[in-house]
Amino acid sequence: MLMARKKKQDPFICPRCGTRVKEPVKTWTLVSPLPDKKGRVTITIMGLFKCPNCGYTWRAVVKKIKNEVGEPEEESEREPGEIIEIDLSELKDLE
Ligand SMILES: [Zn+2]
């Protein structure tokens, strides 16, 4: 990564004027489609903020949750396979 990141920014603070917003205007969750090696799914709560002082709007990550999924190894082995349906009456006709 080329971008040098400073330490965690408070998502509630307006990046333009520094006013602290009480709460986001809107929140939504993003769930990563693939679990990590331990079978955990990261749920990211995003927020849309609007500064009451300067009117600037921005989006920021409010919270990240690692969700433990029970017995992930068993689950991963159960790949959804192709279902082949055989009509028995059709087989009889072939005989
Ligand atoms: Zn502002």
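These numbers were taken from a predicted model, which means no experiment stands behind them.

A. Examining the overall build of the protein chain more closely. Helix and strand content of the protein chain: two helices and three strands. Traced from its N-terminal end to its C-terminal end, the protein chain shows the element sequence β-β-β-α-α. By the burial criterion, 3% of the 95 residues in the protein chain qualify as buried. Taking as baseline every contact in the protein chain between residues at least 6 positions apart, the subset at least 24 positions apart corresponds to 51%.

B. Spatial organisation of the pairing of strand 3 (residues 57-67). Both strand 2 (residues 41-50) and strand 3 contribute to a ladder of ten bridges, which runs antiparallel. Counted as the bridge partner of Val-41 is Asn-67 from strand 3. Taking the residues that link successive antiparallel strands as the turn, the strand 2-strand 3 hairpin has six residues, and the phi of Gly-55 there is positive, at about 80°.

C. Highlighting the sheet that holds strand 3. Strands sit in the order 1-2-3 across an open sheet of three strands; the sheet is antiparallel. Two strands close off the open sheet at either side, each with one partner strand: strand 1 (26-31) and strand 3. Direction aside, the axes of adjacent strands within the sheet are offset by 20° on average. The sheet contact formed by strand 1 and strand 2 spans six bridges and is antiparallel. The residue bridging Leu-30 from the neighbouring strand is Thr-44, located in strand 2.

D. A look at the environment of Gly-55. One can find Gly-55 in the loop between strand 2 and strand 3. On the basis of neighbour count, Gly-55 is assigned to the exposed category, with 10 C-beta atoms found within 10 Å. Expressed as a C-alpha distance, the spacing of Gly-55 and Arg-16, which sit 39 residues apart in the sequence, is 9.6 Å.

E. The environment of Val-21, seen in detail. Structurally, Val-21 is set in the segment before strand 1. As for Val-21 and Pro-11, which are separated by ten residues in sequence, their C-alpha atoms are 8.9 Å apart.

F. Representation of the environment of Cys-14. Topologically, Cys-14 is positioned in the segment before strand 1. Distance in space between the C-alpha atoms of Cys-14 and Pro-52 is 9.3 Å, their sequence separation being 38 residues. Filtering out sequence-adjacent residues up to four positions away, Cys-14 remains in contact with Thr-19, Val-21, Cys-51, Asn-53, Cys-54 and Tyr-56.

G. Fine view of the confidence of the model for the protein chain. Put simply, the protein chain has an average pLDDT of 79, and 62% of its residues get 70 or more. Below a pLDDT of 50 lies the segment residues 71-78, which in the model reaches three contacts outside its immediate sequence neighbourhood of four places, other chains included.

Basis of the calculations
- Residues numbered from 1 in each chain as written.
- Predicted model: local features only at pLDDT ≥ 70, side-chain atom pairs only at ≥ 80, totals over all residues.
- Helix = DSSP H or I, 4+ residues; strand = E, 2+ residues; numbered from the N terminus.
- Buried ≥ 20, exposed ≤ 12 C-beta atoms within 10 Å, placed from the backbone.
- Contact = placed C-beta atoms within 7 Å.
- Pairing = 2+ DSSP bridges.
- Axes fitted to C-alpha atoms, helices over the stretch in contact; angles between N-to-C directions.
- pLDDT = per-residue confidence, 0-100.

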